[in-house]
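Commentary on secondary and tertiary structure
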Amino acid sequence: MPYSPPEQLKNKNLWQTNPFINNEFITSPSTKTFQVVNPATEQIIAECPEQTAEEIDEAIKSSYDAFEKFRKTHPHDRSKMLRKLYNLIHENLEDLALILTLENGKCLTDAKGEINYGASYFEWFAEESKRTYGEVIQPTNPNNKIITLKQPVGVVGLLCPFNFPNAMSTRKAAPAWAVGCTCILKPDAQTPLSSLALAYLSKEAGFPPGVFNVVLASTESTPMVGKKICESNYIKKVSFTGSTPVGKLLMQQSSSSLKKLSMELGGNAPIIVFDDCDLELAVTQSIASKFRSLGQTCVCANRIFVQSGVYDKFCSRFAEEIARFKIGNGLESGVTHGCLINTKAIDKVESQMQDALQKGAKILVKGGKLPELGKNFYSPSALYDVPYDSLVFHEETFGPLAAIAKFENRDEILKICNDTPYGLASYVFSESLNNIWYMSEYLETGMVSVNTGVFTDCSLPFGGVKESGFGREGSLHGIDDYTYVKSINLGNVYR
Ligand code: SIN
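Residues numbered from 1 in each chain as written. Predicted model: local features only at pLDDT ≥ 70, side-chain atom pairs only at ≥ 80, totals over all residues. Heavy atoms only, no water.

1. Considerations on the sheet that holds strand β6 (residues 145-152)
Which entries qualify depends on this criterion: Strand pairing is assigned whenever DSSP detects at least two bridges linking the two strands. Numbering of helices and strands starts at the N terminus; helices are DSSP runs of H or I of at least 4 residues and strands are runs of E of at least 2. Each axis is a line fitted through C-alpha atoms, taken for helices only over the stretch in contact, and angles between the N-to-C directions span 0 to 180 degrees.
Reading across from one edge, β5-β6-β24 is the order of the three strands in this open sheet, with antiparallel pairing throughout. For this open sheet the edge positions go to β5 (135-137) and β24 (483-490), each flanked by a neighbour on one side alone. Ignoring which end each strand starts from, the neighbouring axes of this sheet average 25 degrees apart. Note: β5 against β6, three bridges, orientation antiparallel. If you follow E135 over to β6, its bridge partner there is T148.

So, in structure tokens, the structure goes:
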């Protein structure tokens with residue numbers, strides 16, 4: 001049964017439900033479909049074809065065929081396409097945000113923020129594409145010169161998550177196109193519509209056929225598509241954002257073809273609030289970090305450690321700030337936080353909360369399910385005096401549960417922060433350069449955010465260490481993940 005685009009959508013062309021291959025939204029021969037559901041209303045908003053394994057193979061081949069030509073385009077021409085896409089996204093910002101809220105459930109203000117953030121990668125890499133510099137190196141043989149070039153790796157497979165249906169796609173595709181790679185993207189089954197809207201705009205921006213292919217799969221057949229992408233010899237690199245266990249599996253699958261990989265995996269971010277912090281800033285920014293997208297980001301605070309001198313005040317102000325939240329359908333005005341993607345996210349919050357309470361944690365804010373709004377709505381909870389051995393301090397929550405504990409000593413808390421297999425982000429609140437520098441240097445995370453709860457930016461090298469993955473997205477380093485260094489030895493130049 002066909003589902004029509006939402007009435008409020010001004011540019012109806014952005015509402016696409018078919019796979020995008022060779023610059024066309026194709027009719028799949030598959031007889032199976034999967035549904036896209038608005039998590040806020042639980043209504044089906046679209047039906048997409050479940051592509052077959054043969055179709056995925058064909059899409060990969062099309063990306064491969066397109067690479068030979070696209071790699072030869074001039075960097076300045078690629079730059080112009082990227083810049084055009086940036087402009088087109090801004091022209092369609094309201095519509096893109098509407099699509100995002102409908103499929104993901106985050107509130108419209110956050111969705112607009114994400115579209116702006118996602119577009120910024122195109123602006124950034126429109127500039128970087130002109131600046132993929134090589135080097136001239138003086139070799140030991142005085143008659144020779146060594147030159148290095150940064151070359152595009154080839155076709156890249158982009159495996160994207162539900163939590164940023166726009167920005168995680170743009171963060172991967174922008175550097176890939178900047179250097180001349182072609183992409184095959186698989187969006188999360190719950191949120192494919194934002195990637196398809198982006199595909200429509202990529203064609204408008206002038207990207208040639210096959211440079212951006214978007215394939216579609218339900219949650220059940222996602223492993224089949226992931227395996228095909230990882231095992232294909234046509235694909236030279238895979239960039240994945242998602243959980244650590246899935247990242248490990250994809251890495252194994254990619255080993256047969258020794259692919260270059262970028263893995264943006266799970267986190268367990270600590271916030272460390274020192275006695276010498278600006279308390280108001282520490283509270284509001286901890287709230288911003290913890291409850292961004294209702295806790296559904298890899299960099300959201302998972303553990304909040306507050307030094308004893310400001311602990312009580314921090315906890316009471318934290319609770320006051322949560323009381324200001326307005327939970328509801330993300331499209332309604334005044335709503336500050338929408339809903340979660342599904343009930344599995346709620347189950348995890350509840351089980352971590354029960355575990356912490358059993359171990360002795362105390363309730364600061366009693367949240368819980370909001371069935372009157374819908375099954376995916378949950379009002380945030382906060383616990384204090386959470387024992388260090390609680391699950392919530394050791395597993396990624398990915399939901400609206402804040403866990404707070406007291407600490408006394410800097411070295412003790414540093415050890416606790418680092419006592420995790422994860423190493424994505426950490427946050428420090430202090431006015432002392434000594435505390436800031438010490439923690440920034442010794443926290444085992446790829447990113448440290450000082451005195452701010454929202455630190456990501458297209459110019460920041462985003463990525464983790466330890467089991468949070470490897471590779472850097474965004475910034476000048478983002479180019480490196482999509483290129484390899486070719487060395488050319490020019491012999492006998494002084495003949
Ligand atoms: C994420 O952690 O899931 C991405 C967050 C960001 O880029 O701001």
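Structure shown, so let's carry the discussion forward.
2. Overview of the pairing of strand β11 (residues 260-264)
Heads up, the rule is: Relative accessibility decides the category of a residue: with a 1.4 Å probe and only protein chains considered, values under 20% of the type maximum give buried, values over 50% give exposed, and everything between is partly exposed. Handedness is read with the strands pointing away from the viewer; a crossover is right-handed when the path from the first strand over the helix to the second is clockwise.
For β11, the buried fraction is high: four of the five residues fall into the buried class. Relative to β11, strand β10 (residues 235-241) runs parallel, the two being bridged by five bridges. Each bridged residue has a counterpart across the sheet, and for S239 the counterpart in β11 is S262. Handedness of the β10-helix α8 (residues 244-254)-β11 crossover: right-handed. Note that β11 and strand β23 (residues 469-470) share two bridges and pair antiparallel. Within the sheet, the bridge partner assigned to M263 lies in β23 and is F470.

3. Notes on the site of the ligand
Our working definition: Residue proximity to a molecule or strand is established when one non-hydrogen atom of the residue lies within 4 Å of it. Side-chain atoms alone can form a polar contact between residues adjacent in sequence; in general such a contact is a pair of N or O atoms within 3.5 Å, and within protein one must be able to donate a hydrogen while the other accepts it. Computed by Shrake-Rupley with a 1.4 Å probe, the accessible areas treat only the displayed protein chains as cover when residues are assessed. Residues are grouped as follows: Ala, Val, Leu, Ile, Met, Phe, Trp, Tyr, Cys and Pro are nonpolar; Asp, Glu, Lys and Arg are charged; every other residue, Gly included, is polar.
Around the ligand, the surrounding shell consists of Y117, N163, F164, M168, R171, R292, T297, C298, V299, T456 and F462. A distance of 3.1 Å separates an oxygen atom of the ligand from a polar atom in the side chain of N163. Within the contact set of the ligand, an oxygen atom lies 2.9 Å away from a backbone nitrogen or oxygen of C298. Burial of the ligand by the surrounding chains reaches 100%, relative to a free accessible area of 260 Å². Here the residues of the shell around the ligand are counted per class, giving six nonpolar, three polar and two charged.

4. What to know about a negative patch on the surface
What counts is decided by this rule: Like-charged residues within 9 Å of one another, or nonpolar side chains (Val, Leu, Ile, Met, Phe, Trp, Tyr) within 5 Å, are grouped into patches, provided each residue has over 30% relative accessible area and no salt bridge. In the sections that follow, a salt bridge refers to a side-chain nitrogen of Lys or Arg positioned within 4 Å of a carboxyl oxygen of Asp or Glu. When charges are tallied, Lys and Arg are placed among the positive residues and Asp and Glu among the negative ones, while His and the ends of the chain are skipped. The location of each charge is read from NZ of Lys, CZ of Arg, CG of Asp or CD of Glu.
Taken together, the side chains of D275, D276, D278, E408, D411, E412 and E431 make up a negatively charged region of the molecular surface. Checked against the element boundaries, D276 lands in the loop between β12 (269-273) and α9 (279-291).

5. Focus on the pairing of β12
The buried count for β12 comes to five of five residues, which makes it a mostly enclosed element. Taking every second residue as pointing to the same face, both faces of β12 are buried, with A269, I271 and V273 on one and P270 and I272 on the other. Note: β12 against strand β13 (residues 301-307), five bridges, orientation parallel. Along β13, the bridge assignment pairs I271 with I304. Running through α9, the crossover from β12 to the neighbouring parallel element β13 is right-handed. Sheet analysis places β12 next to strand β20 (residues 425-429), joined by three bridges and oriented parallel. Bridging across to β20, V273 finds its partner in F429.

6. Considering the packing of helix α3 (residues 93-104) against helix α4 (residues 108-128)
Our working rule: Orientation categories follow fixed angle ranges, with anything under 35 degrees roughly parallel, anything over 145 roughly antiparallel, 65 to 115 roughly perpendicular, and all other angles oblique. Here a crossing is called left-handed whenever its near helix is offset anticlockwise from the far helix by less than a right angle, and right-handed whenever the offset is clockwise. In this description, contact between two residues means that some pair of their heavy atoms is separated by no more than 4.5 Å.
Packing of α3 against α4 brings their axes to within 8 Å, and their N-to-C directions diverge by 120 degrees. It follows that α3 is oblique to α4 by the angle criterion. As α3 runs across α4, the sense of the crossing is right-handed. Contact residues: L93, E94, L96, A97, L98, L100 and T101 in α3; L108, A111, K112, E114, I115 and N116 in α4. Partitioned by chemical class, the residues of the contact of α3 with α4 number eight nonpolar, two polar and three charged.

7. With respect to the side chain of N166
Within the secondary structure, N166 is located in the loop between β7 (155-159) and α5 (167-179). Leaving out residues up to four positions away in the same chain, N166 has contacts with L100, E114, I115, G118 and S194.

8. Section: the nonpolar core
The tendency in soluble globular proteins is for nonpolar side chains to be buried side by side. Filter applied, for reference: Among buried residues, the Ala, Val, Leu, Ile, Met, Phe, Trp, Tyr and Cys ones that are joined through side-chain atoms within 4.5 Å form a nonpolar core.
In this structure, I89, F122, W177 and F207 are the most contacted members of the largest nonpolar core, which totals 64 residues. In this structure W177 touches F70, R78, L82, L85, F122, C183, S202, F207, V211 and F212, once residues within four positions along its chain are discounted. Judged by nonpolar contacts, the second largest core, of 38 residues, contains F291, A319, V365 and F455.

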